[in-house]
Amino acid sequence: MSDYIEGYKGPWEVVLGLEVHAQVISKSKLFSAAATDFGAEPNSQVSFVDAGFPGMLPVINEFCVEQAVKTGLGLHAQINLRSVFDRKNYFYADLPAGYQISQYLRPVVGKGRIVIDLPDGRSRDVGITRLHLEQDAGKSLHDQHPTRTYVDLNRSGVALMEIVSEPDMRSAEEAAAYLRKLRSILRYLGTCDGNMDEGSMRCDVNVSVRRPGGELGTRCEIKNVNSIRFVHQAIEYEARRQIEILEGGGAISQETRLFDSGRGITRTMRSKEEAHDYRYFPDPDLLPLDLDPAWVERIKATLPELPDPKKVRFIKDYGISAYDAGVLVADRETAAFYEEVARGRDAKLAANWLISELFGALNKADRDISRSPVTAGDLGGLVDLIADGTISGRIAKDVFAEMVASGRPASEIVERKGLRQVTDTGAIAGAIDQVIAQHADKVAEYRAGKEKLFGFFIGQTMKATAGKANPALLNDLLKKKLSGPS
């Protein structure tokens, strides 16, 4: 798999860095006690601090700091025991104070890394530059009135973790894999729900192109992309746009762009600001944040098993493939569901049924694993019936379909419908004799060398036994019968 894009005048390398804004899971905001519930009535969750009233002083939310530290530990990152909050000065109508409290030179979390798994089986380390805490701005609503913009300050002051990657990614596929892995880690940790459709995880994409091995090109930043699919599309379009400009003899302007998801293009938003444009300075109302090393260690001791070590354990303990393990550990609830199904059973068979059948049913119903119509215990019961030969794999698919529709356990469906597998050698042999007698011409063709007809006889015998014949017994008996005298 090549990391290069072919232009008219040779190959180009795409260089990508992502800035992810992840909303901290907390009941109150970063510097006030106002609530953070999603979907509340506009301007119903706003304190005087959030509204920028004169004389209102911010008070740090310790739990939000703990969530940031926990995230840093989950990203194998350096935890800075002293960090500083700064004022980032700019004007938006939905930024009441005229500045954002953020962190700049001294963030709470320093360098870390994420291992991403790619579709072709490769893995790659992506460096984390920093994670800093900052407050969110409000929200401007442009579609409520033909000539006016409305402002909702419910998000104003909500705690965000801005997680900045190194420019280590080289394709849209790698960027998508990075976002999926980061979201998985955040959800395992319980520090951000990762719901991009609700705005609790947003992504700014920095894109530049260069000749392979050459100096870094001028980058453009695509702001506030709110789905992994859109990130992929935005990168593909923006890389091509820059390549066409450069191959046409033009130059790339450093700027901030927006992604138009309806048209699948990026378009200019404004010229790109630099740090000096924001006039950062330490917030005079907030002391430097000093962390107790023992407190950090206590947080570290509470970390759950994260996706990478869980994947290694699944491969070792359950004997499943690296691909299957990666699929199963991507979501914490799915991993727990699988472990309940696999415990004491054929773990590979359990993985196959969960990934192939249950995932398919959930996708069709637009549900996640938490709303599965089939419980882990019931799926395990179905796996037991397959493993002990009570039903065949083919019948199991019909049983599973009814489990999804009715919510009943497999054993009840099998007994009620009389679906137990036929393991009586005599009964299977009788069915085979009947099929052979009905298709003497095809028996002759088979014995004359047309061995592909074996599948035909399997199908006919299965039909004669209503699909209940034990496949292994049927296979053995049929071979013996067909190899007999003409």
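Data block above holds the structure.
Notes on the structure follow. Nothing here was measured: the structure is a model prediction, and the numbers come from that model.

## Things to note about unusual backbone geometry
Next up, step 1: Phi at Asn43 takes a positive value of approximately 60°, unusual for a residue other than glycine.
Next up, step 2: Note on placement: Asn43 falls in the loop between β2 (10–23) and α1 (62–74).
Next up, step 3: Even without a glycine there, the phi angle at His76 is positive, about 55°.
Next up, step 4: Examined against the element boundaries, His76 turns out to sit in the loop between α1 and β3 (82–83).

## Remarks on the packing of aromatic side chains
Next up, step 1: Enumeration according to the criterion identifies 14 aromatic pairs in this entry.
Next up, step 2: Residues Tyr90 and Tyr92 carry aromatic rings whose centres are separated by 5.1 Å and whose planes lie at 80° to one another, so their mutual orientation is edge-to-face.
Next up, step 3: Where Tyr446 meets Phe454, the ring centres are 6.3 Å apart and the plane angle is 35°; that geometry is what we call tilted. Accessibility classification places Tyr446 together with Phe454 in one group, the buried group.
Next up, step 4: Connected via pairs of aromatic rings, a cluster forms that spans Tyr90, Tyr92, Tyr104, Tyr278 and Tyr280.
Next up, step 5: Residue placement shows Lys88 over the ring face of Tyr278; its charged tip is 4.4 Å from the ring centre.
Next up, step 6: Against the face of Trp353 rests Lys397, its NZ or CZ located 5.7 Å from the ring centre.

## Thoughts on the sheet that holds strand β5 (residues 99–102)
Next up, step 1: Pairing is antiparallel across the open sheet formed by 3 strands, whose spatial order is β5-β4-β15. Both edges of this open sheet fall to β5 and β15 (281–282), since each of them pairs with a single strand only.
Next up, step 2: The pairing of strand β4 (residues 86–89) with β15 spans 2 bridges and is antiparallel. Looking at the pairing, Arg87 lines up with Phe281 of β15.

## A look at the pairing of strand β10 (residues 159–165)
Next up, step 1: For β10, the buried fraction is high: 7 of the 7 residues fall into the buried class.
Next up, step 2: Side-chain alternation along β10 places Ala159, Met161, Ile163 and Ser165 on one buried face and Leu160, Glu162 and Val164 on a second face that is also buried.
Next up, step 3: Sheet topology places β2 next to β10; 5 bridges connect them, and they run antiparallel. Across the sheet, Val20 pairs through a bridge with Ile163, a residue of β10.
Next up, step 4: Here strand β7 (residues 123–135) runs beside β10; their pairing, made up of 7 bridges, is antiparallel. Looking at the pairing, Ile128 lines up with Ser165 of β10.

## Some thoughts on the side chain of Asn154
Next up, step 1: Relative to the elements of secondary structure, Asn154 occurs in the loop between β9 (150–152) and β10.
Next up, step 2: By relative accessible area, which is 8% here, Asn154 ends up buried.
Next up, step 3: A distance of 2.8 Å separates a polar atom in the side chain of Asn154 from the backbone nitrogen of Gln45.
Next up, step 4: Among residues more than four places away in sequence, those in contact with Asn154 are Lys29, Ala40, Glu41, Pro42, Asn43, Ser44, Gln45 and Val46.

## Description of the side chain of Ser208
Next up, step 1: Mapping Ser208 onto the fold places it in strand β11 (residues 201–210).
Next up, step 2: A relative accessible area of 5% means that Ser208 is categorised as buried.
Next up, step 3: In this structure, Ser208 is in contact with Glu13, Val14, Val15, Gly217, Thr218, Arg219 and Gln242, ignoring residues within four places of it in sequence.

## Details of the pattern of salt bridges
Next up, step 1: Under the criterion given, the structure shown has 29 salt bridges.
Next up, step 2: Notably, a salt bridge pairs Arg416 with Glu402, separated by 2.6 Å at the nearest N-O pair. Of this pair, Arg416 sits in helix α11 (residues 410–417) while Glu402 is found in helix α10 (residues 393–406), placing the two residues 14 residues apart along the sequence.
Next up, step 3: Of the residues examined, Arg416 reaches a relative accessible area of 46% and is grouped as partly exposed.
Next up, step 4: Lys417 is the partner of Glu402 in a salt bridge, and the nearest nitrogen-oxygen pair spans 2.6 Å. Of the two residues, Glu402 sits in helix α10 while Lys417 sits in helix α11, which places them 15 residues apart along the sequence.
Next up, step 5: The network of salt bridges with shared partners includes Asp117, Lys181, Asp308 and Lys311.

## Considerations on the packing of helix α8 (residues 347–365) against α10
Next up, step 1: For the pair α8 and α10, the least separation of the axes is 11 Å and the interaxial angle reads 35°. Considering how the two elements wind past one another, α8 and α10 form a crossing that is right-handed. Note on element contacts: α10 touches α8 through Gly393, Ala396, Lys397, Phe400 and Val404, opposite Trp353, Glu357, Leu358 and Ala361.
Next up, step 2: For the contact of α8 with α10, the residue count by class is 6 nonpolar, 1 polar and 2 charged.

## Considerations on the packing of helix α5 (residues 307–318) against helix α6 (residues 322–329)
Next up, step 1: Relative to each other, α5 and α6 sit at 135°, their axes nearing to 9 Å. If you check the angle between α5 and α6, you find them oblique. The two elements α5 and α6 meet at a crossing, and its hand is right-handed. Facing Pro307, Lys310, Lys311, Phe314 and Ile315 of α5, the residues of α6 in contact are Ala322, Ala325, Gly326, Leu328 and Val329.
Next up, step 2: Split by residue class, the contact of α5 with α6 holds 7 nonpolar, 1 polar and 2 charged.

Definitions and limits used
Residues numbered from 1 in each chain as written. Predicted model: local features only at pLDDT ≥ 70, side-chain atom pairs only at ≥ 80, totals over all residues. Heavy atoms only, no water. Helix = DSSP H or I, 4+ residues; strand = E, 2+ residues; numbered from the N terminus. Phe/Tyr/Trp six-rings, centres within 6.5 Å; stacked < 30°, edge-to-face > 60°. Buried < 20%, exposed > 50% of the residue type's maximum accessible area, 1.4 Å probe, protein only. Lys NZ or Arg CZ within 6 Å of the ring centre and 35° of its normal. Pairing = 2+ DSSP bridges. Polar contact = N/O pair within 3.5 Å; in protein donor to acceptor, adjacent residues only side chain to side chain. Contact = heavy atoms within 4.5 Å. Salt bridge = Lys/Arg side-chain N within 4 Å of Asp/Glu carboxyl O. Axes fitted to C-alpha atoms, helices over the stretch in contact; angles between N-to-C directions. Left-handed = near helix turned anticlockwise from the far one by under 90°. Nonpolar A, V, L, I, M, F, W, Y, C, P; charged D, E, K, R; others polar. Parallel < 35°, antiparallel > 145°, perpendicular 65-115°, else oblique.

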